[in-house]
Amino acid sequence: MQPSDLPPAASLAEQFPPEWEKLLGDWGEPRYRALQIFRWIHQRGVQNPAQMTDLPKRLRDKLTDAGLAAPAHVAEVQASADGTKKLLVELADGKQIETVLIPRGSVAAEDIFASDSEEPRDEYTESADFRSDTLEVTQCISSQVGCAMGCAFCASGIAGLKRQMNAAEIVSQVLLGRATLEGSSRLAGIVFMGMGEPLHNYNAVARAIRLISHPDGLGMSLRRMTVSTSGLVPEMDRLARDFGGQVQLAVSVHAADTDTRSKLMPVNKKYPLSEVIAAIRRYPVPRRRRLTIEYTLVRGMNDNEQSARSLARILRGLRAKVNLIPMNPVQGTGLAAPDDTVVDRFQQILRDEGLDTFLRRRRGDDIAAACGQLALHGEARKVRALPLV
Ligand code: SAH
Ligand code: SF4
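Below: a short report on this structure. (Residues numbered from 1 in each chain as written. Chains lettered and ligands numbered in written order. Predicted model: local features only at pLDDT ≥ 70, side-chain atom pairs only at ≥ 80, totals over all residues. Heavy atoms only, no water.)

### A look at the pairing of strand β3 (residues 96-103)
Looking along a regular strand, one sees side chains alternate from face to face of the sheet. Across the eight residues that make up β3, a large majority, seven, are buried. By the bridge criterion, six bridges tie strand β2 (residues 85-91) to β3 in an arrangement that is antiparallel. Each bridged residue has a counterpart across the sheet, and for Leu 88 the counterpart in β3 is Glu 98. One ladder, built from four bridges, connects β3 with strand β4 (residues 135-140); its direction is antiparallel. Residue Leu 101 lies in a different strand from β4, and its bridge partner there is Gln 139. (Buried < 20%, exposed > 50% of the residue type's maximum accessible area, 1.4 Å probe, protein only. Helix = DSSP H or I, 4+ residues; strand = E, 2+ residues; numbered from the N terminus. Pairing = 2+ DSSP bridges.)

### Some words on the site of ligand 2
In the neighbourhood of ligand 2, the contacting residues comprise Cys 147, Met 149, Gly 150, Cys 151, Cys 154, Gly 157, Gly 196, Glu 197 and Ser 230. Counted by class, the shell around ligand 2 contains four nonpolar, four polar and one charged residues. (Near = heavy atom within 4 Å. Nonpolar A, V, L, I, M, F, W, Y, C, P; charged D, E, K, R; others polar.)

### Describing unusual backbone geometry
Even without a glycine there, the phi angle at His 254 is positive, about 65°. Tracing the backbone through its elements, the reader meets His 254 in the loop between β9 (248-252) and α10 (258-264). Classification of His 254 as buried rests on a relative accessible area of 4%. In the Ramachandran plot, Arg 288 falls in the positive-phi region, its phi being about 65° despite a non-glycine side chain. One can find Arg 288 in the loop between α11 (273-282) and β10 (291-297). For Arg 288, a relative accessible area of 66% gives the class exposed.

Below is the structure:
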């Protein structure tokens, strides 16, 4: 898929260089300004035209009049002792989302990588500017304000969908996150595991991925981006088609039989487990890569030994690793994590069946920064905040 196949930009801040060229041409401005403006926004993270100092004042004013402005700003930063940072990001209409910066080796990093050796390092370590003293940071980002999928265990799901985010807003949270990095930290990857179902906002997410990977922008390779989905089958296929499998896929499976999955994830009534598994099987995973199966363990629902064995059976032969996540408590769900012994047994069965399985045991105060735990603010907020250090 090329950027030109996407629907028109929803805002100036999410235009690709050719879209800028067209607009600037209409304004009678030289075309080379297009790349200049694009780089200001996506390379330097400057979205206020007044700060684009190498543009003539006339053009800066024109851009401001046309509505180019920062789509979001940071309302609050919370930092945990292990270096994880959670940003509360406010969008232009006052709606708020959260994004989390997760340094390698932190508690929260286990959530997404499960094991340090799991994270693909090839391109990065091979790149010329790799330095061993660089601290790699992964950013967990939101794609919607709230979520329409209504999963029984999820804070975002309980709140419902407030509205879609546009690509400018999605990218802006990444630029704002990068701006908070200090010292030798470097933004090394992005995971769509914050608030929202990314494939339920496909066009904006696809545009955001293209913008983030643009060589005149952040220039992040597609393989360093992971889309986590509750299993929207047509959009999984579309992602495979549009990006040729280069974007990493994580699928929230959460059950080994379709009835249990429907109880936990209403979306299963539309796209049942068997269809989701079939879509996973056709996803074109590049060589030396694996996709991720996410399985949130919920006491008495999907945590019995039979489930573990069935899960191993339906995943057999798949190039995948399994991330087991004992459910994080979310008030009002009436659901809870299983006891540790049950969790250990579940993991052991999967391992015995030959599946690479990783476990993340949630602990105390880092909880609210863990991907998948991001809550809407206001009365819908259910999850405890990180302590400020
Ligand atoms: N909507 C996407 C991505 C965001 S959620 C998806 O569902 O995949 C990221 C992950 O966190 C998902 O696997 C989700 O099921 C998981 N998650 C959500 N709430 C959770 C909770 N209370 N405990 C543990 N994992 C949770
Ligand atoms: Fe939405 Fe994912 Fe939460 Fe389900 S788990 S409600 S799909 S954010």
